[in-house]
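Breakdown of the fold
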Amino acid sequence: MARGRPRKIKPEEALETSMRMFWDKGYDGTSMNDIATATGVAKPGLYANFGDKDALFEKALTRYFDELGAPALNILANSSAPSREVLRDYLNMIVDAALDPSCPGGCFIVNSMVECNAHPKAMQDQLLRIDQRRQQAFATRMERAVQNGELPKNTDCRAMAVFFASMILSVALQARAGTKKETLLQIVETSLLVLGSEPVISRTHKIDVLVTG
């Protein structure tokens with residue numbers, strides 16, 4: 001009896017499936033056997049296309065960041081909207097993503113950073129680079145806020161960037177712990193107090209949007 005043809009590997013599909021599995025179960029909770037079963041690609045094919053489990057995990061993290069993280073950070077850093085609104089939108093997006101039932105388990109990057117100490121050094125370095133890019137996006141936003149007169153000229157933009165980058169981790173972890181959305185949104189609003197008092201015109205504009213929308 002003739003054997004069936006081996007399944008033709010579609011690397012993009014296999015990587016997407018692998019990313020979802022790592023996102024859902026974490027590095028430790030996902031085996032190459034699991035990935036082979038989910039993708040329909042035998043382990044030799046996975047190794048040939050992606051390398052070992054560590055290499056595949058790193059590629060999955062890169063795919064996640066490129067598709068979901070980097071575009072949002074670009075808006076955060078470069079949007080011409082008022083900085084307070086940009087920061088609020090970004091942090092609220094983190095809240096929504098953390099609570100989204102269609103997401104396997106919150107933020108893949110945050111989850112991986114929590115497990116970071118158990119990861120090989122190459123993965124720790126990759127996560128550190130991603131975190132540095134996130135901090136740089138916040139720093140760029142703060143620098144724009146200073147240039148636009150939204151923050152005092154003596155603002156420590158780097159310290160503010162570290163603070164807001166840390167807020168992402170806090171919100172994501174609290175969401176995983178079962179904190180309600182209303183509480184998370186309150187935490188976001190409290191964090192924005194470091195920017196100073198919110199301009200009256202901004203609040204009026206938002207009320208108008210709510211009334212007319």
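To start, this report covers the structure provided alongside it. (Residues numbered from 1 in each chain as written. Predicted model: local features only at pLDDT ≥ 70, side-chain atom pairs only at ≥ 80, totals over all residues. Heavy atoms only, no water.)

**Focus on the overall build of the chain**
- Helices and strands together make up the secondary structure of the chain, namely ten helices and zero strands.
- Taken as a whole, the chain presents about 11900 Å² of accessible surface, with 55% of it coming from carbon and sulfur. (Helix = DSSP H or I, 4+ residues; strand = E, 2+ residues; numbered from the N terminus. Areas by Shrake-Rupley, 256 points an atom, 1.4 Å probe, with all protein chains shown as cover.)

**Focus on the packing of aromatic side chains**
- Applying the stated criterion to the full structure yields eight aromatic pairs.
- Ring centres of Tyr90 and Phe138 lie 5.6 Å apart, and the angle between their planes is 90°; on these two criteria the pair is classed as edge-to-face. Here Tyr90, found in helix H5 (residues 83-99), pairs with Phe138, found in helix H7 (residues 121-147); they are 48 residues apart in sequence, far enough to count as distant. No difference in accessibility class separates Tyr90 from Phe138, as the two residues are buried. (Phe/Tyr/Trp six-rings, centres within 6.5 Å; stacked < 30°, edge-to-face > 60°. Buried < 20%, exposed > 50% of the residue type's maximum accessible area, 1.4 Å probe, protein only.)

**Some details on the pattern of salt bridges**
- Considering all chains together, one arrives at nine salt bridges under this definition.
- A salt bridge links Glu16 to Arg20; the shortest N-O distance between them is 3.6 Å. Taken together, the residues span about one helical turn, with Glu16 and Arg20 both in helix H1 (residues 11-25) at a distance of four residues.
- Residue class for Glu16 comes out partly exposed when judged on its relative accessible area of 22%.
- For Arg20, a relative accessible area of 36% translates into the label partly exposed.
- A salt bridge links Arg88 to Glu189; the shortest N-O distance between them is 2.7 Å. Here the residue Arg88 occupies a position in helix H5, and Glu189 occupies one in helix H9 (residues 181-191), the gap between them amounting to 101 residues.
- It is possible to trace a salt-bridge network through shared partners that takes in Glu12, Glu16, Arg20, Arg63 and Glu67. (Salt bridge = Lys/Arg side-chain N within 4 Å of Asp/Glu carboxyl O.)

**Considerations on the nonpolar core**
- Grouped together as the largest cluster of nonpolar side chains are 60 residues, with contacts concentrated most on Tyr90, Phe108 and Phe138.
- When residues in this core are grouped by element, the largest group, eleven residues, is from helix H4 (residues 53-78).
- Those residues within four positions of Tyr90 in sequence are excluded, and the remaining contacts are Ala72, Leu73, Leu76, Arg134, Phe138 and Ile168. (Core = buried A, V, L, I, M, F, W, Y, C linked by side-chain atoms within 4.5 Å. Contact = heavy atoms within 4.5 Å.)

**A closer look at H7**
- Between its terminal C-alpha atoms H7 stretches 38 Å, which fits the 39 Å expected from 27 residues at 1.5 Å a residue.
- One or two residues past the end of H7 sits Gly149, with phi positive at roughly 80°. (Expected span 1.5 Å × (residues − 1).)

**Considerations on the packing of helix H8 (residues 157-176) against H9**
- Interaxial distance between H8 and H9 falls to 11 Å at its minimum, and their mutual angle equals 170°. The orientation of H8 relative to H9 falls into the category roughly antiparallel. Counting all contacts with H8, which are made through Phe163, Phe164, Met167, Val171, Gln174 and Ala175, the residues of H9 involved are Leu184, Ile187 and Ser191.
- The residue makeup of the contact of H8 with H9, split by class, is seven nonpolar, two polar and no charged. (Axes fitted to C-alpha atoms, helices over the stretch in contact; angles between N-to-C directions. Parallel < 35°, antiparallel > 145°, perpendicular 65-115°, else oblique. Nonpolar A, V, L, I, M, F, W, Y, C, P; charged D, E, K, R; others polar.)

**Brief notes about H1**
- Spanning 15 residues, H1 covers 21 Å between terminal C-alpha atoms, matching the ideal 21 Å at 1.5 Å per step.
- Turning to H1, its buried residues number three or more, namely Ala14, Leu15, Ser18, Met19, Met21, Phe22 and Trp23.
- Buried residues along H1 sit against helix H2 (32-39), helix H3 (43-50), H4 and helix H6 (108-114).

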